[in-house]
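Results of the structural survey
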Amino acid sequence: MKFDFSLLPNLTKGEITQLHQDHSIENIFIDSRNIVVSYKNIFIAIEGERHDGHQFIKELYSKGIRNFIIEKDVNYIEFAEANFFKVESSIQASQQIAGKNRAKFKGTLIGITGSNGKTIVKEWLAKLIESVYSVYRSPRSYNSQVGVPLSLWHINDYQDYAIIEAGISQMHEMEKLEAIIKPNIGIYTNLGTAHDEGFPSLEEKAHQKARLFKDSKTIIFCKDFPEISNALHNLPNLEDKEFIGWSFEDNTSNYFVETEERENGIAIRIPYKEEFFIFTVPFKDYASLENITHCLLLLLHEGVPIKIIQNTLNEIRPLKMRLETKKGKNNTYLVDDSYNNDLVGLDTALHFFAQQKQYQKRVLILSDLLQTGLSGDILYKQLAERIENENIDQLIGIGSEIQQLKSFYHGKIELFNSTNEFLDYEQTHQFHNSVILIKGARKFGFEAIVQRLEQKIHGTVLEIDLNKITHNLNFYRSRLKPNVKTMVMVKAFAYGSSSHEIANWLEFHNVDYLAVAYADEGVILRQHGIKLPIMVMNPDPRSFELLHHYNLEPEIYSFSLLNDYVNYTRSFDYKAKIHLKLDTGMHRLGFEPFEIEDLIPILKKNPHIHVSSIFSHLAASDEASHNGFSAQQAMFFKKAADDIISYIGYKPILHLLNSSGISRFPDYQFDMVRLGVGLYGIDTTGLHPGELLPVSTLKTVISQVKHIKKGDTIGYSRKGLAIEDMKIATISIGYADGFNRKFSQGVGMVKINGKLAPVIGNVCMDMTMVDVSEIDCAAGDEVIVFGDEPNITKMAKSIDTIPYEILTNVSERVKRVFYTE
Ligand SMILES: *Cc1c(COP(=O)(O)O)cnc(C)c1O
């Protein structure tokens, strides 16, 4: 969509408060970090609970942004060359503007909502429809109050279909989205059972989501979720609606869907209009089958030819639609997005890419764009402009179409006709010390490039879902009083997850402070471009040099450490920041209450030392039986801190609570909290069932499957005994990877193809044998060691330890992969 700035009053209510020069606007942005500098772009400043977009106007103006939508007046003289449009609510304004673009769209709009699978259904549908029609789909999971307007904005007139996802987290949000999305056809994917803070009940949640389809003519849903069925049947104008409510369970249903295992996948049999259609899909898990059934019914409804559907189905992959980052060979870092490739998808990948600061050199490997409806020269001109804003050092283009870039792109570019041609070249021209974005349409098979560039360690990986980190972070933030800051503990490789990637993500999400245990952990963060203030909890005097060099702030817990640091920093021409640790009952590190008296004169005598914060740590914040003790600690803390403050004459940040403290003691939040294990989805209080999401999944593979005769023994010391004839699998993980030896002999379980397999015999150093007598599996199959299930908390209990130990024990030789949807 395009509009002239001066015409904004026609699109939504508001007032032009300054017009310097009219511009034709082509792109809207709400995240100041993602903005592409051009006078054709507009920045919408939103004042949220934690972010205020208006704060960034100055910076954006200095970069060259000239169009702004604002909610409050700014110093117009300071921004004399910019245009400003003032509205009451920026979110509402962006919704209305984008709604206008939707209203113009003459094609069919498919709206998708539900608890899980929205993005997958959207991507698959797009893929399946694309072979016949021109399709637009919202980028990634732009499905919120803010994301949907951005999605609608980009729909083009020439497209036949637009697929838009909508997600809500609170009552009455869907009405607003419905008003602008206005889906012709709806898909209601499913309904999670998790308790949801924003809704009084599961039924109500189902109703709220159903409102997206208030005026839709056709609605596809799985009626095995009774709440969904009910909610849809309570919509207005039922007589105008066609319901396609299918079922895996109810054989009396008009749309009773059956599945059957075949050699090359699963056959799905779908009744439609008194006929049956059978499709084969290359996966077996329930979630994928549910998602694909929604898609298939929609395609049948829209009359897409069966043959084309089946052909495209063969290309569909279960999970490949996420952005992954992982280590590559020769000190490189890969951002892998090899699922699709069009301009909007590229945009989101480039945004994510821009956040990766591991290495300065940036390489972009790109295939032909599969964009329907635009002629090649327009498309590649747009692409060139887009990339030129991104500080790319080396651009690799692969495919016959992308050759056209040569006439438009001014930077360094190397072109190849095929993926294989590039792979040959790579053998003699390897990348070093770079961040590499690999983005290609499926048919180019960029997986082969990723495989080639990846650092190969062994088959065990720890996968970290960055979106779940955000979810957990926001969960804890929502429990904080206004203005309470968040420090995140990323010690011990961020509880085993690998610290700088997590820190990078946290910096992006505006946490206030990071903390590590040792100076070298802080150094690693700085070397990877982390700018946030960092507290070091165990600063040995031998590490002062590093602290100074890398701008790290020590925790000071004893007189000897304080004196050493005072002396070390005496000649500095700036104030040396410290964090004072008080021991209020934990008896680990810190000044005890009776020592405060002697501490104060030292601080007063040394004004070059600045106390940035004062803190203490609760010894038993997760146990109700020690509430009295925790209260006493809080009291000691407050008293000692007040004493210090009254003498030094300024107020440092006070902080006491760790994760379980945040859950249990809202009154002790002081100025900041220290979030640790909760960020990784572990609830040590048991107070938030279903509300925190486990962030990491430890996966390995089956190396071999064996059939064992009754009476034979398995593994070292012959500890495993086959009581019957049995089938076992040897999996590639052992105690050296962090799979504790105490999981031996049936104590531990892993999950293979959806079923639990107990450990048989003793866990070995690099391998473990599990009982798969009841499980259909083969060498190469994936094994889940922990994740949603088996769950870390239960595993820890079974070997009498705490989840912290399971997490932090995952060895460094296990590769970490980070992803975001
Ligand atoms: C590790 C640590 C935390 C975080 O504790 P969690 O229980 O993981 O939330 C907080 N404060 C200090 C001093 C710590 O060492």
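In this report, the structure presented in the accompanying data block is examined. Since this is a predicted model, take the numbers as computed values, not measurements.

1. Considering the site of the ligand
Surveying the vicinity of the ligand reveals the residues Met489, Lys491, Tyr495, Met537, Arg588, His617, Asn658, Ser659, Arg674, Gly676, Val677 and Tyr804. Here a nitrogen atom of the ligand and a side-chain polar atom of His617 are 3.4 Å apart. Interatomic distance of 3.2 Å between a backbone N/O atom of Gly676 and an oxygen atom of the ligand. When isolated, the ligand has an accessible area of 390 Å², and the protein chains bury 94% of it. Counted by class, the shell around the ligand contains five nonpolar, four polar and three charged residues.

2. A closer look at the sheet that holds strand 9 (residues 135-137)
On the basis of which strands lie adjacent, the open sheet formed by six strands has the order 9-10-8-11-12-13 and parallel pairing. The open sheet is flanked by strand 9 and strand 13 (242-246), the only strands paired with a single partner. Between one strand and the next, the sheet's axes are offset by a mean angle of 15 degrees, whatever the strand orientation. By the bridge criterion, four bridges tie strand 8 (residues 108-113) to strand 11 (residues 185-188) in an arrangement that is parallel. Looking at the pairing, Gly111 lines up with Gly186 of strand 11.

3. Comments concerning the pattern of salt bridges
Here the structure, examined in full by the defined rule, presents 35 salt bridges. Close ionic contact of Glu175 with Arg211 constitutes a salt bridge, the shortest N to O distance being 2.9 Å. Here Arg211 lies in the loop between helix 7 (202-210) and strand 12 (218-222) and Glu175 lies in helix 6 (residues 173-181), a separation of 36 residues in the sequence. Two residues, Lys439 and Asp337, come together in a salt bridge whose shortest N-O distance is 3.0 Å. Taken together, the residues Lys439 in strand 22 (residues 434-439) and Asp337 in strand 18 (residues 332-337) connect sequence positions 102 residues apart. With a relative accessible area of 0%, Lys439 lands in the buried category. One salt-bridge network, held together by shared partners, links Glu178, Lys182, Lys214 and Asp215.

4. Concerning unusual backbone geometry
The linkage connecting Glu789 with the following residue, Pro790, adopts the cis geometry, with an omega of -10 degrees. Tracing the chain through its elements places Pro790 in the loop between strand 39 (782-786) and helix 24 (792-798). One non-glycine residue, Asp800, lies in positive phi territory at about 60 degrees. Residue placement: Asp800 occurs in the loop between helix 24 and helix 25 (803-808). Overall, the relative accessible area of 74% leaves Asp800 in the exposed class.

Cut-offs applied
Residues numbered from 1 in each chain as written. Predicted model: local features only at pLDDT ≥ 70, side-chain atom pairs only at ≥ 80, totals over all residues. Heavy atoms only, no water. Near = heavy atom within 4 Å. Polar contact = N/O pair within 3.5 Å; in protein donor to acceptor, adjacent residues only side chain to side chain. Areas by Shrake-Rupley, 256 points an atom, 1.4 Å probe, with all protein chains shown as cover. Nonpolar A, V, L, I, M, F, W, Y, C, P; charged D, E, K, R; others polar. Pairing = 2+ DSSP bridges. Helix = DSSP H or I, 4+ residues; strand = E, 2+ residues; numbered from the N terminus. Axes fitted to C-alpha atoms, helices over the stretch in contact; angles between N-to-C directions. Salt bridge = Lys/Arg side-chain N within 4 Å of Asp/Glu carboxyl O. Buried < 20%, exposed > 50% of the residue type's maximum accessible area, 1.4 Å probe, protein only.

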